[in-house]
Amino acid sequence: MYQFIERRNSQRAVPMQVLALGFSRTGTTSMRIALEKLGYNETNHGFTVWTNPLEMEMWTEAINAKFYGKGKRYGRAEWDQLLGHCMAVTDIPHILFAKELIEAYPEAKVILTTRNVDSWWKSYHDTIGNALNSSIGDLTARIDAKTAGKVREFWRLAFLAMFGTTNVTEEVAKKRYLEYYDEVRSFVPAHRLLEYRVGEGWESLCRFLEKDVPSEPFPKTNDTQAFQDHMKQRVVSVWRRSARQLAMPAFLVCACFTFYFAGGLRVFV
């Protein structure tokens, strides 16, 4: 479930070639799979970051330095340590550093995955938004403070940095979403930028990246239901592991699982 790979003091092993800097819930998981199919290995994604607590430590340093003035801000040397194994990145927390990454890797092409702002808000609210405010997510984080707790703390920090508040209303979220896209457009020369909707398929992406079009369909994954199912699997895994470690009575574990699945509660752990 978790891996502990030390990135600190590493060097760049592969060139950074693609910065896919669209907001979460704009097809970033599908884009990650697509980029890796095109040969950009590894493509780092938020789901990858949270499985490595040592990476989260470095991202936390970078976030605290940029947004809260704590510590040294990351530059090319630090990004090469943290992302030196990657040929591409996508999703949060990378998008918190869009300007910095664009400047650090001036040869990399930039992709903005996009979607209608109303459609994006519904997807965000029904997945990440609910997850960040879930009471069962808080309980799970307390049960497994060393791993699930740190993951939850990290993602709350990341989205606080993105939106500037923990009270992420529809108005606040949509305003920040639109502002962010305008900001990235202002950072990138037109010839380095592709604005892309995942439903467009392979053609425009491959043309931009100068790659052959694969014969297989473009990946389509991590829709709202898939996200919620993934979160359920993670919380069940945490509860089962904790039950074994704490010798929790079987009836209590079963009661918690039943309550969780019957209620359809959403968690982010």
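Above this text is the structure in question.
Residues numbered from 1 in each chain as written. Predicted model: local features only at pLDDT ≥ 70, side-chain atom pairs only at ≥ 80, totals over all residues. Heavy atoms only, no water.

**Topic: the overall build of the protein**
Right, so step 1: When its secondary structure is counted, the protein shows 12 helices and five strands.
Right, so step 2: Residues counted as buried form 54% of the 269 residues belonging to the protein.
Right, so step 3: Excluding contacts between residues fewer than 6 apart, the proportion of contacts in the protein whose partners are at least 24 apart in sequence is 78%.
Right, so step 4: Working note: accessible area of the protein is about 12,600 Å², and carbon and sulfur atoms make up 53% of it. (Helix = DSSP H or I, 4+ residues; strand = E, 2+ residues; numbered from the N terminus. Buried < 20%, exposed > 50% of the residue type's maximum accessible area, 1.4 Å probe, protein only. Contact = heavy atoms within 4.5 Å. Areas by Shrake-Rupley, 256 points an atom, 1.4 Å probe, with all protein chains shown as cover.)

**Observations regarding the nonpolar core**
Right, so step 1: Grouped together as the largest cluster of nonpolar side chains are 54 residues, with contacts concentrated most on L19, L21, F23, W79, L83, W155 and Y180.
Right, so step 2: The set of elements that each furnish at least two residues to this core consists of α2 (46-49), α3 (53-68), α4 (76-83), α5 (98-104), β4 (109-113), α6 (117-132), α8 (145-163) and α9 (170-187).
Right, so step 3: Ignoring sequence-local partners within four residues, the contact set of F23 consists of T28, I95, T113, W120, M162, F163, R176, Y177, Y180 and Y181.
Right, so step 4: Within the second largest apolar cluster, 19 residues are counted, among which are M31, A34, L194 and L205. (Core = buried A, V, L, I, M, F, W, Y, C linked by side-chain atoms within 4.5 Å.)

**Brief notes about unusual backbone geometry**
Right, so step 1: Omega for the bond connecting N41 with E42 falls within 30 degrees of zero, at 0 degrees, which places this linkage in the cis form.
Right, so step 2: Within the secondary structure, E42 sits in the loop between α1 (28-37) and β2 (43-44).
Right, so step 3: With an omega of 15 degrees, the peptide bond running from I92 to P93 counts as cis.
Right, so step 4: Phi at D91 is positive, roughly 80 degrees, even though this residue is not glycine.
Right, so step 5: Of note, D91 is situated in the loop between β3 (88-90) and α5.

**Describing the environment of L193**
Right, so step 1: If you trace the backbone, L193 turns up in strand β5 (residues 193-196).
Right, so step 2: We classify L193 as buried; its relative accessible area is 18%.
Right, so step 3: Considered as a pair, L193 and F208 are 15 residues apart in the sequence and their alpha carbons are 8.6 Å apart.

**Structural notes on the environment of A131**
Right, so step 1: Following the sequence through the fold, A131 ends up in helix α6.
Right, so step 2: When the C-alpha atoms of A131 and R152 are compared, they prove to be 9.5 Å apart, with 21 residues separating the residues in sequence.

**Comments concerning the packing of aromatic side chains**
Right, so step 1: Summed over the entire model, instances satisfying the criterion amount to 26 aromatic pairs.
Right, so step 2: Taking 6.5 Å as the distance between ring centres and 50 degrees as the angle between the ring planes, the aromatic pair formed by F67 and Y68 counts as tilted.
Right, so step 3: Classification of F67 as partly exposed rests on a relative accessible area of 30%.
Right, so step 4: A relative accessible area of 35% means that Y68 is categorised as partly exposed.
Right, so step 5: With centroids separated by 6.4 Å and ring planes inclined at 15 degrees, the aromatic side chains of F159 and F163 adopt a geometry described as stacked. Of this pair, F159 and F163 are both found in helix α8, four residues apart, which corresponds to roughly one turn of the helix. Assigned by exposure class, F159 and F163 land together as buried.
Right, so step 6: Here the basic side chain of K99 rests over the ring of F187, its NZ or CZ set 6.0 Å away from the ring centre. (Phe/Tyr/Trp six-rings, centres within 6.5 Å; stacked < 30°, edge-to-face > 60°. Lys NZ or Arg CZ within 6 Å of the ring centre and 35° of its normal.)

**A closer look at α8**
Since there are 3.6 residues in each turn of an α-helix, residues three or four apart along the chain are aligned in direction.
Right, so step 1: For α8, with 19 residues, the first-to-last C-alpha span of 25 Å sits near the 27 Å given by 1.5 Å per residue.
Right, so step 2: Looking one or two residues beyond α8, the residue adopting positive phi is G164, at roughly 75 degrees. (Expected span 1.5 Å × (residues − 1).)

**As for the sheet that holds β5**
Right, so step 1: One open sheet holds the five strands; their spatial order is β2-β3-β1-β4-β5, and the pairing between them is parallel. Since the sheet does not close on itself, it has two edges, and those belong to β2 and β5, each with one partner.
Right, so step 2: Here strand β1 (residues 18-20) runs beside β3; their pairing, made up of three bridges, is parallel. Pairing of L19 across the sheet is with V89, part of β3. (Pairing = 2+ DSSP bridges.)

Any link to function would need more than the numbers given here.
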